[in-house]
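# Examination of the molecular architecture
For reference, the chains in residue letters:
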Amino acid sequence: MPNTKELARREEMHQRFTGAHALCAGCGAPICVRTILNAIEEPVVVVNATGCLEVATTRYPTTAWNVPWIHVAFENAAAVASGIETAYRVLRRRGKISREIRFVAFGGDGGTYDIGLQALSGALERGHRFIYVCYDNEAYMNTGNQRSGATPFAAQTSTAPVGERSFGKPQRRKDLTEIAAAHHIPYVAQASISDWYDLARKARQAAAVDGPAFLNVLSTCPRGWGYPTDQAVKIARLAVETCYWPLYEVIEGRWYLNYIPEEKLPITEWLRPQKRFAHLFEPQNRELLHQIQQQVDEAWEKLLRKCERYEAL
Amino acid sequence: MNAMKRYEQGEFFLEIEPRRCKGCGVCVQSCPKGVLVLNGEGKAEAKDIAQCVFCGICEQRCPDFAISVYKVRVLQPSWV
Amino acid sequence: MREPELVQGNEACARGALYAGCRFFAGYPITPSSEIMEYLAREMPKVGGICLQMEDEIASISAVIGASWGGAKAMTATSGPGFSLMQESIGYAAITETPCVIVDAQRWSPSTGQPTKAAQGDVMQARWGTHGDHPVIVLTASWVREVFEMTVHAFNLSEQYRVPVILLLDEVLAHLRENVILPEPGELEVVERRRPERLDDFKPFSNEMMLCFGEGGRLMVTGMAHDEWGFPAQGQKAAEQLQRIVAKIESRADQLALYRAHFVDDADVIIISYGITSRAVEAAGHQLRAQGLAVGWLDLKTLWPFPDKLIRSCTERAQYVLVPELNLGQLVREVERAVGGRVVVEHLGRVDGYLITPQEICQRVQARLKVGVSHGL
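Residues numbered from 1 in each chain as written. Chains lettered and ligands numbered in written order. Predicted model: local features only at pLDDT ≥ 70, side-chain atom pairs only at ≥ 80, totals over all residues. Heavy atoms only, no water.

Now for the interface of chain C and chain A. Taken together, the contact pairs 16 residues of chain C with 16 residues of chain A. Taking both partners together, chain C and chain A bury about 1,200 Å²; carbon and sulfur atoms supply 58% of that area. The largest contributions to the chain C side of the interface with chain A come from Y28, E38 and Q53 of chain C, which together make up 38% of the buried area. Along the contact surface separating chain C from chain A lie 0 salt bridges. A per-element tally of the side of chain C that touches chain A places helix 2 (residues 34-43) of chain C first, with 5 residues. (Contact = heavy atoms within 4.5 Å. Buried area = accessible area lost by both parts, 1.4 Å probe. Salt bridge = Lys/Arg side-chain N within 4 Å of Asp/Glu carboxyl O. Helix = DSSP H or I, 4+ residues; strand = E, 2+ residues; numbered from the N terminus.)

This part is about the pairing of strand 6 (residues 114-118) of chain C. Residue and element names in this part refer to chain C. Taken together, the 2 bridges between strand 5 (residues 100-108) and strand 6 define a ladder with antiparallel strand orientation. Bridge assignment links W108 to a residue of strand 6, and that residue is Q114. Linking strand 5 back to strand 6 in an antiparallel pair, the connection comprises 5 residues, with S111 at a positive phi of about 55 degrees. (Pairing = 2+ DSSP bridges.)

Glancing now at the side chain of Q330 of chain C. Residue and element names in this part refer to chain C. Its place among the elements puts Q330 in the loop between strand 14 (320-325) and helix 12 (331-339). Classification of Q330 as buried rests on a relative accessible area of 15%. Within polar-contact distance, the side chain of Q330 engages the backbone oxygen of G121 at 2.9 Å. Leave out the neighbours within four places in its chain, and Q330 touches Q120, G121, D122, V123, M124 and E325. (Buried < 20%, exposed > 50% of the residue type's maximum accessible area, 1.4 Å probe, protein only. Polar contact = N/O pair within 3.5 Å; in protein donor to acceptor, adjacent residues only side chain to side chain.)

Together, M220, W229 and F231 of chain C make up an exposed nonpolar region whose accessible area comes to about 260 Å². Mapped onto the secondary structure, F231 of chain C falls in the loop between strand 9 (177-180) and helix 8 (235-250). (Patch = residues over 30% accessible without salt bridge, like charges linked within 9 Å, V, L, I, M, F, W, Y side chains within 5 Å. Areas by Shrake-Rupley, 256 points an atom, 1.4 Å probe, with all protein chains shown as cover.)

This part is about the sheet that holds strand 1 (residues 5-9) of chain B. Residues and elements named next belong to chain B. As summarised here, the arrangement of the 3 strands in space is 1-2-5, forming an open sheet in which the pairing is antiparallel. Every interior strand has two partners, whereas the edge strands, strand 1 and strand 5 (67-71), have only one. Direction aside, the axes of adjacent strands within the sheet are offset by 15 degrees on average. With 5 bridges joining them, strand 1 and strand 2 (residues 12-16) adopt antiparallel strand pairing. Each residue of the ladder has a partner; that of E8, found in strand 2, is F13. (Axes fitted to C-alpha atoms, helices over the stretch in contact; angles between N-to-C directions.)

Moving on to the packing of aromatic side chains. Per the stated rule, a full pass over the model turns up 22 aromatic pairs over all chains. Where Y88 of chain A meets F103 of chain A, the ring centres are 5.1 Å apart and the plane angle is 65 degrees; that geometry is what we call edge-to-face. Note that Y88 of chain A is positioned in helix 4 (residues 77-93) and F103 of chain A in strand 3 (residues 102-108), a separation of 15 residues in sequence. Neither Y88 of chain A nor F103 of chain A differs from the other in exposure class; each is buried. Centre to centre, the rings of F13 of chain B and Y70 of chain B are 5.6 Å apart; their planes meet at 10 degrees, and the pair counts as stacked. Separated by 57 residues along the polypeptide, F13 of chain B in strand 2 and Y70 of chain B in strand 5 bring together distant segments of the chain. The structure contains a cluster of three or more aromatic residues connected by ring pairs, namely F17, W65, W69 and F106 of chain A together with F65 of chain B. Sitting above the plane of the Y259 of chain A ring, R237 of chain A keeps its charged end 5.6 Å from the centroid. One Lys or Arg, K306 of chain A, reaches over the ring of W255 of chain A and ends 4.2 Å from the middle of that ring. (Phe/Tyr/Trp six-rings, centres within 6.5 Å; stacked < 30°, edge-to-face > 60°. Lys NZ or Arg CZ within 6 Å of the ring centre and 35° of its normal.)

Opposite the 33 residues of chain A that make contact, chain B presents 23 residues. For the pairing of chain A and chain B, the buried interface totals around 2,300 Å² over both sides, and the portion due to carbon and sulfur atoms is 54%. For chain A, the biggest contributors to the area lost against chain B are E12, M13 and R34 of chain A; these three give 26% of the whole. Linking chain A with chain B are 0 salt bridges, by the criterion used here.

Moving on, we get to the domain arrangement of chain C. Residue and element names in this part refer to chain C. According to the domain assignment, chain C consists of domain 1 (5-180) and domain 2 (259-374). Counting the surface domain 1 buries against domain 2, the share from its top three residues, Q120, V123 and M124, is 29%. K301 is paired through a salt bridge with E146; the nearest N and O atoms lie 2.6 Å apart. Joining domain 1 to domain 2, the criterion identifies 18 residue pairs in polar contact (both at pLDDT 80 or more). Looking at the side of domain 1 that touches domain 2, the elements that each hand over two or more residues are strand 6, helix 5 (123-128), strand 7 (137-140), helix 6 (144-161), strand 8 (164-170) and helix 7 (171-175). (Domains from an automatic or database assignment.)

Let's shift gears to the confidence of the model for chain C. Here chain C averages 96 in pLDDT, while 98% of its residues score no lower than 70. Among the scores for the predicted complex, ipTM is 0.91 and pTM is 0.92. (pLDDT = per-residue confidence, 0-100.)

Moving on to the environment of E17 of chain B. Residue and element names in this part refer to chain B. With respect to the helices and strands, E17 occurs in the loop between strand 2 and helix 1 (26-30). Residue classification places E17 among the buried positions, given a relative accessible area of 14%. Separated by 49 residues in sequence, E17 and A66 have C-alpha atoms that sit 5.1 Å apart. Every residue in contact with E17, bar those within four places of it in the chain, is listed here: N2, M4 and A66.

Structure below.
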């Protein structure tokens, strides 16, 4: 497993993903991408679905990608990765390629939870050796903050707006990490940009398994979530400390929790700093806050029961 | 001023490239020693390099690759 | 006298839909049409309607079809990439005679293209994007107020003829804001679908009356070739149905042809355009006429069924026809076909993401007139 010094030195020697992209100040996505690409030891090919990351890193006439990179469309990152990986296996079998290469697909929550779910499920089911990384900013941010299957209950978005009768998104978000685990793939993990080393370790673990790996990474969005740009890591950390976004892994079907907060913070600590939840702090919405706390508590309890306790390295 | 800012502490260096810095402030927030601030132009800079322990958290967290933390040494690539 | 308000093209479309009685919208975020869904997410519930954001465009058009059979006037909005995903179901709507409106705010294409640049590259796709022979009506607009009017018109045609109607906009018009006075209730006609009076011998797929779910009749809807009852059919019966459904629209090409004609009666040069390009043609046409040139222009609102007769009659006395469009040549092919070689037809295209300017049009016309127009140019 990597150590921090080694990871820092690797990036010094070869930056796979570079700066001068057009992602917003304080965006979580580049933190996620650079950490993951840097942690993987082998050469990589990147497949990128349409979204903030794809658009803002490839604006004419520049690119922030210093690795082979393909963008096909919105819904098919996993399907394209399947094709590339299969062709690679054929060429290896025929002796035309001898190097170990890793295939990493990046998609936002829009392109993974919703329109990309079919392609992801198919790729996981067929067992391709690739890593799918979902950088989850909990809405369709690139097109202007519309709700997605990853948008949390009661969050405000442009297509689930807050009004006299509406309190934001009436549905709960999907648990995509669990959906991925239900495909019985060798490695599934939930990570956050706040826990950098944990994310790097998970990326390396994902690269090491002989089969599909899925990483769901909470990737904060200052513009869509409504908080000052310097709070990106802090907000992501609050998600973990409130047990809203637990850090865990599913290795060969066995669940391991990576972090148990010493003091589980109330969910209001996560909600309060974000404008998209501001309406929840009005007196008439107190019941919603209770509901949300209950949802988090139930999910956390369920996860605790599922996991064999495991200390993070 | 758009020139790269370079700070020294013995053989350790901290560099900030203002043209890359978007002034998000994540590095300022992340620094365990409170070394960094956003200046009048909204760009990151080190207010007291003597406090820096060169842990590299700011470099690793920066979404825009604007900070570089390194020790002067001969680089020998161990992998391609 | 009502005050004008600053309205965005997309907003005008959404408001036109509500005006026409649309009470169901299912869509998916895509630049440059997302604002239509955002507006309806806020306003649709206020009039007792439903706006659903679906998981992708295939789901969106599917939900629209379902809602239409549930009795509602239903609409979706998208751009090129989403329009491509919807094609299978557009064909379904055509063959099952499902009223629905599909708005395509065209962007530079193909593929992801340039989401924030205007284009007119989906014209042929709007007609032939789905597999098989099928009817479809395609409308377009050039001004924000027209977007409102054409949206209402799209619903009217869709409900009257039980056919999917596609409204082609473009990125510039969708995002443009203009000072407009939008129609008051009652100002524009709103057409409702005709429902059968008697159910006992009513054949759901034989004419333009529509039976919906929950109205007491036996209903089976399938995209398989089917007879007047909706049961799967083959051979001659399937052929008859297909021919009836296609002829339903194609035979009405003349009466469906909406357009604005300016100075076409005495013109040597006719400029035929549609959508956002017509705005430049308007300016260019006036400029050229001010120079004493006999120029006329035709701004098409109905693109499909293509108005053959209108094109032929307008170009009867012309020496030269110019078709400017933001593509590499789509509608121009239909114009060429309609005039049948009687007059020179030329294309003026632009695909660098910017609009065709009045200057470009003037320069082209002047160049042609100077050189002289003859066959073999």
